[in-house]
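Residue-level structural notes
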Amino acid sequence: MSAVPESPSRPTVTEREARQVAEAAREQDWRKPSFAKELFLGRFRLDLIHPHPLPADEDVQRGEEFLAKLRDFCETKIDGAVIERDARIPDEVITGLKELGALGMKIDTKYGGLGLTQVYYNKSLALVGSANPAIGALLSAHQSIGVPQPLKIFGTREQQETFLPRCARTDISAFLLTEPDVGSDPARLATTAVPDGDHYVLDGVKLWTTNGVVADLLVVMARVPRSEGHRGGITAFVVEASADGVTVENRNAFMGLRGLENGVTRFHRVRVPASHRIGEEGHGLKIALTTLNTGRLSLPAMCVGSGKWCLKIAREWSAAREQWGRPVALHEAVGSKIAFIAATTFALEAVVDLSSQMADEDRNDIRIEAALAKLYGSEMACLMADELVQIRGGRGFETAESLRARGERAVPAEQMLRDLRINRIFEGSTEIMHLLIAREAVDAHLSVAGDLIDPEKSLGDKARAGAGAGLFYAKWLPKLVAGPGQLPGSYNEFKHGVDLSPHLRYVERTSRKLARSTFYAMSRWQGKMETKQGFLGRIVDIGAELFAMSAACVRAELLRGRGENGREAYQLADAFCRQSRIRVEELFGRLWSNTDDLDRKVVKGVLSGTYEWLEQGVIDPSGDGPWIADATPGPSERENLHRPVR
């Protein structure tokens, strides 16, 4: 065995280098149309989503058959209260899910999986997540970002034949990217994979490894040093969790998802066959981001399930609870909250089902749609759960176990609020999602005018960019002046009792206004645009609302056409669009009237200690210790908490 060189220390990178790493990992091309991308450019392409795409009959039959089995399992075998109490999913529940085939929902039947579509995979996650969200997280992390998805897209035939049958029935997988000192800035990734003959040797520490405590297989992102014959860069590997040198050093505990098997995993001189590398060296981040394009849909799918449950509890409780001689639901202050939950749940389901069906058909590029679904679903689900707690009052704040102990219905409203909170952080925090979507939304502008605002480009490059930009904007800008949204008869096919056509005309007009606002901001700030994160976040939030409005209207028309609660669906879509339009107008107002500049000054004062006097008069109950744990490579000094379920 040849000598393995020492692992390099944690890389030090500049802000520009970090951006370059992230940019290199992006999918650069748009080979398929994208409804959301067009929306941000001021082009309302309703034809891309209407008529609503539908699954094949055989996919529906297979999906519905599995949903029936899964519902029976959830109702008879899963006790969410036990998982919450013991902070662990019982082994027999995980074993039962394996026997049911739930580990292989998204895996092709030729590898022993169920071969469900994205639509029915998401419906299954919403169902099982309503029984207990930690189980939903286990199945989602295993299939959406764990071994099956990257191997499906990037794996060799040998890798697929080796690992997918295991993942379909017996082996749980996990995805390991984050490190103690590396979150959303992968340019600083410190875990290394040093080539050694026909192997790589892994060293490093990974944090927040969802499923890592019980996983059998791991997808690990590590940095390969550049050397002769090796291009190097961040690279993806499939690693056996039982391999020598792999140690689960801690099982992490959180404010919610108490059954989550999430840990800290250390790698010390772990030998991984080169045949277990996924894709080429340096392609790890691209693999991760591509995997997440559809993988992100699992999270908003479970948010839809949460919204449905919130609506059920709000309806039942508000009809039974009386105040001042009538049910609390009939008091406007409570009724508005119920209307918000009902309308938003309808819209979230519309967004997730539409995005999922587009993913199944693979006719459109849905990277922005999936990201918007994740962003919007995680934010709105938290708001719905918070409103449910408020509707329930003191009983909303009380735990289900306490309610049960004193003889009342054990409604886990406070648990729902705690469990949902992580969704605004999981798989890209809200802040990171804003930046990611904003980058994609302005891609067309940067493609033609990026060199104009790049300080490192030569005058010649800038001149050529200016000429190209002039041609692009000469054609594009005039189209933002007028459109179908200004014609009273547009979209009249959405007029059936309740008239949804004004909402679609509003979306068309507003998408052009959004594009004009983006163009004006780029003209005003140029290269500083990327630092205007408050502005970019509001631009993205407006786009998310417009996408949700479009999806809600299209879904309502689908249900009407199929004779499935069409009148009620139109009412819910109308209510949602009216609520959404109020939010959109507020966001537009805040694009130019805000405290962003003042906030930056206050932040500088806080960091410099100018306002430290404001912190006096309290006790800090925090314990001692560093802000970030030491992650120096080396052998583990802790007990291995790895607990595979057999």
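Residues numbered from 1 in each chain as written. Predicted model: local features only at pLDDT ≥ 70, side-chain atom pairs only at ≥ 80, totals over all residues. Heavy atoms only, no water.

1. Side note on the overall build of the protein chain
For the protein chain, the count of helices and strands is 23 helices and 12 strands. Scaling as 2.2 N^0.38, a compact globule of 646 residues should have a C-alpha radius of gyration of about 26 Å, and the protein chain matches this with 25 Å. Principal-axis analysis of the C-alpha atoms places the extent of the protein chain at approximately 75 × 75 × 65 Å. Burial analysis of the protein chain (646 residues in total) assigns 52% to the buried set. Long-range pairs, those at least 24 residues apart, make up 77% of the contacts in the protein chain with a sequence separation of at least 6. Side chains of the protein chain carry 83 positive and 87 negative charges; the gap between the two charge centres is 5 Å. (Helix = DSSP H or I, 4+ residues; strand = E, 2+ residues; numbered from the N terminus. Rg over C-alpha atoms; globule rule 2.2 N^0.38 Å. Buried < 20%, exposed > 50% of the residue type's maximum accessible area, 1.4 Å probe, protein only. Contact = heavy atoms within 4.5 Å. Lys, Arg positive; Asp, Glu negative; His and termini not counted. Charge placed at Lys NZ, Arg CZ, Asp CG, Glu CD.)

2. Observations concerning a nonpolar patch on the surface
Together, Leu598, Val602, Val606, Tyr611, Trp613 and Leu614 line one region of the surface with nonpolar side chains, adding up to about 610 Å² of accessible area. With respect to the helices, strands and loops of the structure, leucine 598 is situated in helix H23 (residues 596-608). Owing to a relative accessible area of 53%, leucine 598 belongs among the exposed residues under this scheme. (Patch = residues over 30% accessible without salt bridge, like charges linked within 9 Å, V, L, I, M, F, W, Y side chains within 5 Å. Areas by Shrake-Rupley, 256 points an atom, 1.4 Å probe, with all protein chains shown as cover. Salt bridge = Lys/Arg side-chain N within 4 Å of Asp/Glu carboxyl O.)

3. Description of the layout of surface pockets
Gaps left between atoms are located by rolling a probe of water-molecule size over the structure's atoms. Computed from the structure, the second largest pocket encloses a volume of approximately 980 Å³. If you go around the second largest pocket, you meet 36 residues; those closest to its centre are Gln149, Ile153, Thr294, Ala359 and Asp362. (1 Å grid on protein atoms, 1.4 Å probe; cavity = no way out; pocket = protein on both sides within 12 Å on 5 of 7 lines; lining within 4 Å. Points joined across faces, edges and corners; volume = space filled by probe spheres on them.)

4. Examining empty space enclosed by the protein
This model, assessed by the stated rule, comprises 4 cavities of 30 Å³ or more. Here the largest cavity defines a volume of roughly 40 Å³. In this structure, the largest cavity is lined by Ile145, Pro150, Phe175, Val219, Met221, Ile287, Ala288, Thr291 and Leu292. Counting only elements with at least two residues in the lining of the largest cavity, the list comes to strand S4 (217-224) and helix H10 (284-295). It is H10 that provides the largest number of residues to the lining of the largest cavity, a total of 4 residues. Among the residues forming the lining of the largest cavity, the class breakdown is 8 nonpolar, 1 polar and no charged. (Nonpolar A, V, L, I, M, F, W, Y, C, P; charged D, E, K, R; others polar.)

5. Topic: the packing of helix H13 (residues 367-392) against helix H17 (residues 430-441)
Interaxial distance between H13 and H17 falls to 10 Å at its minimum, and their mutual angle equals 150 degrees. One finds that H13 runs roughly antiparallel with respect to H17. Here the hand of the crossing between H13 and H17 comes out left-handed. In this structure, H13 uses Arg367, Ile368, Ala371, Leu372, Lys374, Leu375, Ser378 and Glu379 to contact H17, whose residues at the interface are Thr430, Met433, His434, Leu436, Ile437 and Glu440. The residue makeup of the contact of H13 with H17, split by class, is 7 nonpolar, 3 polar and 4 charged. (Axes fitted to C-alpha atoms, helices over the stretch in contact; angles between N-to-C directions. Parallel < 35°, antiparallel > 145°, perpendicular 65-115°, else oblique. Left-handed = near helix turned anticlockwise from the far one by under 90°.)

6. Some details on the packing of aromatic side chains
This model, assessed by the stated rule, comprises 13 aromatic pairs. Where tyrosine 473 meets phenylalanine 519, the ring centres are 4.9 Å apart and the plane angle is 50 degrees; that geometry is what we call tilted. You can see tyrosine 473 sitting in helix H19 (residues 459-476) and its partner phenylalanine 519 sitting in helix H20 (residues 501-525), a full 46 residues away along the chain. Residue classification places tyrosine 473 among the buried positions, given a relative accessible area of 13%. Since its relative accessible area comes to 23%, phenylalanine 519 is described here as partly exposed. Aromatic pair tyrosine 520 and tryptophan 592: ring centres 5.1 Å apart, planes at 70 degrees, arrangement edge-to-face. (Phe/Tyr/Trp six-rings, centres within 6.5 Å; stacked < 30°, edge-to-face > 60°.)

7. A few points about the environment of isoleucine 542
As for its position among the elements, isoleucine 542 is in helix H21 (residues 533-561). Through-space distance from the C-alpha of isoleucine 542 to that of threonine 510 is 9.0 Å; in sequence the pair is 32 residues apart. The contact partners of isoleucine 542, leaving out residues within four places of it in the chain, are Leu514, Val584, Leu587, Phe588 and Leu591.

8. A look at the confidence of the model for the protein chain
On average, residues of the protein chain score 92 in pLDDT, and 94% of them reach the 70 mark or higher. Confidence drops under pLDDT 50 across residues 1-8; counting only partners more than four residues distant or on other chains, this segment forms 13 contacts. (pLDDT = per-residue confidence, 0-100.)

9. Overview of the side chain of asparagine 423
Here asparagine 423 lies in the loop between helix H16 (413-421) and H17. With relative accessibility at 10%, the residue asparagine 423 sits in the buried group. With residues near it in sequence (within four places) discarded, asparagine 423 still touches Leu299, Cys303, Lys374 and Ser378.

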